[in-house]
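In case you want the letters, here they are:
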Amino acid sequence: MKILLGPDPSLAYRPNVEKETKEKEEYRNFESGALFDRVFRTYKLMHTNQTVDFVKLKHAEWNGCSHSQMGMMDAIMTLDQLVDESDPDVDFPNSFHAFQTAEGIRQAHPDKDWFQLVGLIHDVGKVMALWDEPQQWAVVGDTFPVGCQFQNSIVYRNNSFQDNPDDRNPDYNTKYGMYAPNCGLEQVLMSWGHDEYLYRVLTFNRCSLPEEGLYMIRYHSFYPWHSQGDYLHLCNQKDGAMLPWVQEFNKFDLYTKTSALPDVATLKPYYQALIDKYCPGVLRW
């Protein structure tokens, strides 16, 4: 990965932070740290308001892809304006994380250009926060099923769901809730956010990423499943086959987050060629 020779742009957001090297166990620290208050506040709002009715409303608002028209690279670069308020690991614009993830995948999987592109675009659904969904709790953060019991593996499960009405609804607060056993994740209504939205954009525009890539995008924030082994009672054989791909993606999504930022201008032509191959032209969002 080529590093910028000039001032680190992230220091505009973290002026007192030196370039750091983090151990794996230091990532996803939701218990302490400089960003704790911001992160907890975002999750508390999310866990209060993400209900079955809310998620259905968001599907109706966003699935028609009528909010904007632009190319994929333009959408990526709009994330220069977004700092993810749910992320305890970084405090710099999301566009840099996109290239960090993609470059980590390119180094490890040079023969899988579609996988590299997934790394680049996986968070682009966060553009919702810059358009008509200014509440970041409805865009960012870990996802989880609604319509069934909220499992203990969800971040802040014990102190953030008290005001969510579905947690007290007998139709929803059982193990299976409104779902059949092993119905498959494609039949499960997930909390609304950038994962599901980008999946819908890609399928609406008939982008040609393989099924494995679409699964990575749709479920990369579903940490209770891919990292905690939870919600398997809702999964089917297809989900089991796709799980290793999502887990492989997660290594790069998480562990490439450092203050060493990529030279985006140098990398853009390579990734534009991948966009032209798999997600060409002007897309509807």
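Residues numbered from 1 in each chain as written. Predicted model: local features only at pLDDT ≥ 70, side-chain atom pairs only at ≥ 80, totals over all residues. Heavy atoms only, no water.

Engineer: Just to check I follow, could you spell out helix H11 (residues 264-278) for this structure?
Structural biologist: An α-helical segment advances 3.6 residues per turn. Residues three or four places apart therefore align on the same side. Between its terminal C-alpha atoms H11 stretches 20 Å, which fits the 21 Å expected from 15 residues at 1.5 Å a residue. Helix geometry: H11 is bent most strongly at Tyr270, by close to 30°. Residues of H11 that are buried include every one of Val264, Leu267, Tyr271, Leu274, Ile275 and Tyr278, and no others. (Helix = DSSP H or I, 4+ residues; strand = E, 2+ residues; numbered from the N terminus. Expected span 1.5 Å × (residues − 1). Bend = angle between axes of the 7 residues up to and from the residue. Buried < 20%, exposed > 50% of the residue type's maximum accessible area, 1.4 Å probe, protein only.)

Engineer: Looking at this structure, how should I read the UniProt feature "binding site: substrate" (unreviewed entry) in the protein chain?
Structural biologist: The positions that UniProt labels "binding site: substrate" (unreviewed entry) are, in the present scheme, Arg28, Asp84, Glu85, Ser86, Lys126, Gly141, Asp142, His220 and Ser221. One can find Arg28 in the segment before helix H1 (36-49). The exposure class assigned to Arg28 is partly exposed, which follows from its relative accessible area of 23%. With respect to the helices and strands, Glu85 occurs in the loop between helix H3 (72-78) and helix H4 (94-108). Note on Glu85: relative accessible area 33%, which makes it partly exposed. If near-sequence neighbours (up to four positions away) are discounted, Glu85 is found in contact with Arg38, Val39, Thr42 and Gln136. (UniProt positions renumbered as here; feature names shortened; annotations may be inferred. Contact = heavy atoms within 4.5 Å.)

Engineer: Sorry, what's going on with the packing of aromatic side chains here?
Structural biologist: Aromatic rings considered in pairs are described by the distance between their centres and by the relative angle of their planes. Counted under the stated rule, the structure contains 20 aromatic pairs. Three or more aromatic residues link up through ring pairs in this structure, and these residues are Tyr215, Tyr219, Phe222, Trp225 and Tyr231. The ring of Tyr270 carries the charged tip of Arg106 above its face, separated from the ring centre by 3.9 Å. The side chain of Arg157 reaches across the aromatic face of Phe161, ending 5.0 Å from its centre. (Phe/Tyr/Trp six-rings, centres within 6.5 Å; stacked < 30°, edge-to-face > 60°. Lys NZ or Arg CZ within 6 Å of the ring centre and 35° of its normal.)

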